[in-house]
Amino acid sequence: MNLKKFKIMHSELICCFQLIENNLKWIYAAMVEGKTLNNRMNVNNLSLTQILIELRDIDNSDKKPFISKEDYNYLHEMAKKRNYWCHQAYLDFACDRGLRRHRHYKRVSKALAKDYKIFKDLSRALDNLRLKAIDKFC
C-alpha cells in the first residue's frame with residue numbers, strides 16, 4: 001500500500017474509533033436514569049477507556065448485562081488498538097531509514113488493513129447496538 005492510501009485508511013480507521021466511542025456514550029446515556037440527552041452531555045469529555053468502565057459498571061448493576069463480559073473484554077482490547085493507531089503507528093516507521101523503514105512500513109500497513117476491516121465492522125455493529133439500547137432503555 002502506498003503512503004497516500006495508508007493516510008486515507010488511517011484517517012478512516014480513526015473515524016471508526018470516534019464512531020465507536022460515540023455509540024458507547026449513547027448506549028451509556030440510554031441506560032442511565034434521567035434524560036438521555038443530558039446523560040450523553042455528561043459523558044461528552046470521557047475518554048474511550050473511561051466510558052467503557054462507566055458503561056460496564058452501569059450495565060452490570062442489575063446483574064442482567066446488555067453487553068456480555070466477553071464483549072467488554074474485546075472493547076477494552078479495541079481501546080488499546082485505538083491508542084496505538086492514534087499515538088504510535090506513524091512512529092513505528094517514520095523515524096527509520098532505508099530498508100528498515102520499508103520493512104516497518106510494510107508491517108504497519110498490513111496491520112492497518114486488517115484492523116480497518118475489523119473496526120469498520122465493529123463500528124457498524126455498535127451503531128446497531130446503540131439503536132437497540134435506545135429502544136430498550138428509553
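So, here's what we can say about the structure. As the structure is a prediction and not an experimental result, all values here were calculated from the model. Per chain, the residues get numbers from 1 upward, laid out in the order the sequence is written. Totals for whole chains, interfaces and linings use every residue, but because this is a predicted model, local features are given only for residues with pLDDT of at least 70 and side-chain atom pairs only at 80 or more, for both listing and counting. Side-chain metrics rest on all non-hydrogen atoms present in the structure, leaving aside hydrogens and water.

Attention shifts here to the packing of aromatic side chains. Working definition: a ring pair exists when centres of Phe, Tyr or Trp rings (six-membered ring for Trp) sit within 6.5 Å. Plane angles under 30 degrees give stacked, over 60 give edge-to-face, the rest tilted. Within this structure, the stated rule accounts for 8 aromatic pairs. Measuring from centroid to centroid gives 5.0 Å for Phe93 and Tyr105, while their planes differ by 80°, and the two rings are edge-to-face. Note that Phe93 is positioned in helix 5 (residues 91-94) and Tyr105 in helix 6 (residues 98-137), a separation of 12 residues in sequence. Like Tyr105, Phe93 is buried. An aromatic cluster of at least three residues, connected via ring pairs, comprises Phe6, Tyr90, Phe93 and Tyr105. Labels follow the DSSP assignment, with helices taken as runs of H or I lasting at least four residues and strands as runs of E lasting at least two, numbered in each case from the N terminus. Buried means the residue's accessible area, taken with a 1.4 Å probe over protein chains only, is under 20% of the maximum for its type, while exposed means over 50%, and partly exposed covers the values in between.

What follows is about the environment of Arg124. Note that Arg124 resides in helix 6. Between the C-alpha atoms of Arg124 and Arg107, which are 17 residues apart in sequence, the distance is 26 Å.

Moving on to helix 4 (residues 69-87). Taking 1.5 Å as the rise per residue, helix 4 with 19 residues should run 27 Å; its terminal C-alpha atoms sit 27 Å apart, in good agreement. Among the residues of helix 4, Tyr72, Leu75, His76, Met78, Ala79 and Trp85 are the ones counted as buried. A contact between two residues is defined here by any heavy atoms of the two lying within 4.5 Å. Buried residues belonging to helix 4 abut helix 1 (3-31), helix 3 (48-59) and helix 6. For a helix, the expected span equals 1.5 Å multiplied by the number of residues minus one.

Let us look at the side chain of Arg40. In this fold, Arg40 is placed in helix 2 (residues 36-42). Only four residue types enter the tally: Lys and Arg on the positive side, Asp and Glu on the negative side, with His and both chain ends excluded. A side-chain nitrogen of Lys or Arg and a carboxyl oxygen of Asp or Glu constitute a salt bridge if their distance falls within 4 Å. This buried residue, Arg40, is left without a salt bridge; Glu21 holds the nearest opposite charge, at 6.9 Å. Within 3.5 Å is the distance limit for a polar contact, defined as a pair of N or O atoms, with the added protein rule that one can donate a hydrogen and the other accept it, and that residues adjacent in sequence qualify only through two side-chain atoms. Only 2.7 Å separates the side chain of Arg40 from the side chain of Asn22, close enough to count as a polar contact. Apart from residues no more than four positions distant in its own chain, Arg40 is found in contact with Asn22, Lys25, Trp26 and Ala29.

Let us now look at the pattern of salt bridges. For the coordinates displayed, the defined rule picks out 8 salt bridges. In this structure, the salt-bridge partner of Lys81 is Asp115, at a minimum N-O distance of 3.4 Å. Taken together, the residues span a long stretch of sequence, with Lys81 in helix 4 and Asp115 in helix 6 at a distance of 34 residues. Take Lys81: its relative accessible area is 36%, and that puts it in the partly exposed class. Taking relative accessible area as the criterion, Asp115 reaches 3% and is therefore assigned buried.

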